[in-house]
Amino acid sequence: MFIDHARITVKAGNGGDGVVSFRREKFVAKGGPDGGDGGRGGSVIAVGDENVNTLLDYRYNKLFKAENGKPGSGARKSGPGGANVYLRLPLGTEVFRVEEDGKKFKIADITHHNEELVLARGGHGGKGNSNFATPTNQAPRHATPGKHTHVMELELVLKLMADVGLVGFPNAGKSTLLSVLSSARPKIADYEFTTLEPMLGVVRVSDYQSFVMADIPGIIEGAHLGKGLGHQFLQHIQRTSILLFLIEAGSPDPVNAFRTLRSELYLYDPFMDKKPCLAVISKLDTVPEDEREALTEAISAQFRKEFGVSVLPISSVGQINLEELKYRLFRMLKEQ
Ligand SMILES: Nc1nc2c(ncn2[C@@H]2O[C@H](COP(=O)(O)OP(=O)(O)OP(=O)(O)O)[C@@H](O)[C@H]2O)c(=O)[nH]1
Ligand SMILES: [Mg+2]
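Residues numbered from 1 in each chain as written. Chains lettered and ligands numbered in written order. Predicted model: local features only at pLDDT ≥ 70, side-chain atom pairs only at ≥ 80, totals over all residues. Heavy atoms only, no water.

Q: What is the right way to look at the pairing of strand E11 (residues 210-215) in this model?
A: Each regular strand shows side chains that alternate between the opposite faces of the sheet. Where burial is concerned, most of E11 is hidden: six out of the six residues are buried. The side-chain alternation of E11 yields two buried faces, one formed by Ser210, Val212 and Ala214 and the other by Phe211, Met213 and Asp215. Two elements, strand E9 (residues 164-168) and E11, share two bridges in a ladder whose sense is parallel. Directly across from Gly165, in E11, lies its bridge partner Ala214. Bridging between strand E10 (residues 199-204) and E11 involves six bridges; their strand directions are antiparallel. Each bridged residue has a counterpart across the sheet, and for Arg204 the counterpart in E11 is Ser210. Linking E10 back to E11 in an antiparallel pair, the connection comprises five residues. (Buried < 20%, exposed > 50% of the residue type's maximum accessible area, 1.4 Å probe, protein only. Helix = DSSP H or I, 4+ residues; strand = E, 2+ residues; numbered from the N terminus. Pairing = 2+ DSSP bridges.)

Q: Quick question: what am I supposed to make of the coordination of the magnesium ion (ligand 2) here?
A: Each angle at a metal carrying four tetrahedral donors should ideally be 109.5 degrees, and each at a metal carrying six octahedral donors should ideally be 90 or 180 degrees. Around the magnesium ion (ligand 2), the protein supplies Ser175 (OG) and Thr195 (OG1) as donor atoms, at distances of 1.9 to 2.1 Å. Here Ser175 is found in helix H2 (residues 174-181), whereas its partner Thr195 is found in the loop between H2 and E10, with 20 residues between them in sequence. (Donors = N, O, S within 2.8 Å, 3.2 Å for Na, K, Ca; no water.)

Q: Teacher, can you tell me more about the site of ligand 1 here?
A: If you check the shell around ligand 1, you find 22 residues, and the closest are Ser175, Thr176, Thr194, Thr195 and Asp285. Take Gly218: an N or O atom from its main chain is 3.3 Å from an oxygen atom of ligand 1. Between Ser315 and ligand 1, the recorded distance is 3.4 Å, taken from a side-chain N or O atom to an oxygen atom. Taking 650 Å² as the accessible area of ligand 1 by itself, protein coverage stands at 87%. (Near = heavy atom within 4 Å. Polar contact = N/O pair within 3.5 Å; in protein donor to acceptor, adjacent residues only side chain to side chain. Areas by Shrake-Rupley, 256 points an atom, 1.4 Å probe, with all protein chains shown as cover.)

Q: I would appreciate a short explanation of unusual backbone geometry in the present structure.
A: Most of the time, phi is negative for any residue but glycine, and the peptide bond is trans. In the Ramachandran plot, Phe193 falls in the positive-phi region, its phi being about 60° despite a non-glycine side chain. At Lys283, a position not held by glycine, the phi torsion is positive, near 60°. Among the structural elements, Lys283 can be located in the loop between strand E13 (277-282) and helix H4 (292-307).

Q: What exactly am I supposed to notice about helix H3 (residues 254-268) here?
A: In an α-helix there are 3.6 residues to a turn, and that puts residues three or four apart on one side. Taking 1.5 Å as the rise per residue, H3 with 15 residues should run 21 Å; its terminal C-alpha atoms sit 21 Å apart, in good agreement. The elements touched by buried residues of H3 are E9, strand E12 (242-248), E13 and H4. (Expected span 1.5 Å × (residues − 1). Contact = heavy atoms within 4.5 Å.)

Q: Is there a simple way to think about the sheet that holds strand E14 (residues 311-313) in this case?
A: Either a parallel or an antiparallel arrangement is found when strands of a sheet pair, and the pairing is made through backbone hydrogen bonds. Taken together, the six strands give an open sheet; going across it, the order is E10-E11-E9-E12-E13-E14, and neighbouring strands pair in mixed fashion. The strands lining the two open edges of the sheet, one partner per strand, are E10 and E14. For this sheet, the mean inter-axis angle between neighbouring strands, taken without regard to orientation, is 30°. The pairing of E9 with E12 spans five bridges and is parallel. (Axes fitted to C-alpha atoms, helices over the stretch in contact; angles between N-to-C directions.)

Q: Is there a simple way to think about the nonpolar core in this case?
A: The nonpolar side chains of soluble globular proteins are, as a tendency, buried together. By size, the foremost hydrophobic cluster in this structure holds 54 residues, and its most contacted members are Val10, Tyr58, Leu87, Leu89 and Phe245. Residue assignment places this core across two domains, with domain 1 (2-159) and domain 2 (161-335) each supplying three or more. In this structure Leu89 touches Ala46, Val47, Gly48, Asp49, Val52, Leu55, Tyr58, Val95, Ile110 and Leu156, once residues within four positions along its chain are discounted. Membership of the second largest hydrophobic core comes to 24 residues, among which are Val205, Leu246, Leu278 and Leu329. (Core = buried A, V, L, I, M, F, W, Y, C linked by side-chain atoms within 4.5 Å. Domains from an automatic or database assignment.)

Q: Can you walk me through the environment of Tyr60 in this structure?
A: Structurally, Tyr60 can be placed in helix H1 (residues 57-60). On the basis of relative accessible area, Tyr60 is assigned to the exposed category, the value being 59%.

Below you can see the structure in the form of structure tokens.
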């Protein structure tokens, strides 16, 4: 389970002011008060949306202001209300109000598709002077201002399940792949066990479609016995729908590498062996161009025969087959 966070600032619209106005008509000596009310300010409203999976949008776009209400006008005309702002949030999002002292209060739990919850209510419009006429004061000269709203800090929290888990030996290029497919910025280096903590990235497939990929520390033979960083990190990909295995193009024995990885997973949890998976040959750019096809063919044939698993050669650095990989993973997830 990973947690997706975003901190945003919202402001509902101010109410429009009520106005002071008197009727002026030809041949009417003394018109009465006819100042209209101000319009209500727009609200900031959360809407549950089953098609949104992450809080990614709210990490870039951080300020959400609803429109102010317009002032009233003569002839008792109320000012138009301000437009609302709608925040489409993934189901499962919790919304907290953050006070100045840092204390947080939960104000909403988004659970249903299309459910609307007001996070910040627009200010009431002020009253125009037409409201204040009385038998003793038939020409009131005052109106009230619209209500002003405050800026609010909100924290959005979504507990995410990863969809795709990356599995490979140390240095296979897992973190690099995550960094080119998502906006996550994991540490990358040419030594083993660079990744010490699991990391999550959101892979965007189209405007509304994305999936979550988890990068975990490298696995080595004997991980289940505590070798390397051990296998406790496998819990983070235990419930992903798909596993993506990375085997380096330079691996002396890809079949054996894959078998070792699978057996470590199996020894951790036999069920993991049954998950749908895809294998990629990583760092294809390190293979001379005229040898790439033959290498891919050879490994694909072996994998088909030994495991019934298909293989896709990729390169994060050389940008080879990355789109294809993204779509294949997405298709596999859809089929789940
Ligand atoms: N040429 C080339 N180098 C790559 C590619 N992908 C990763 N590398 C290099 O391989 C090294 C290891 O990459 P990482 O992404 O840190 O590998 P990792 O699998 O996350 O490694 P651990 O976290 O240690 O398990 C780094 O020096 C990367 O720059 C690639 O597509 N082509
Ligand atoms: Mg890494």
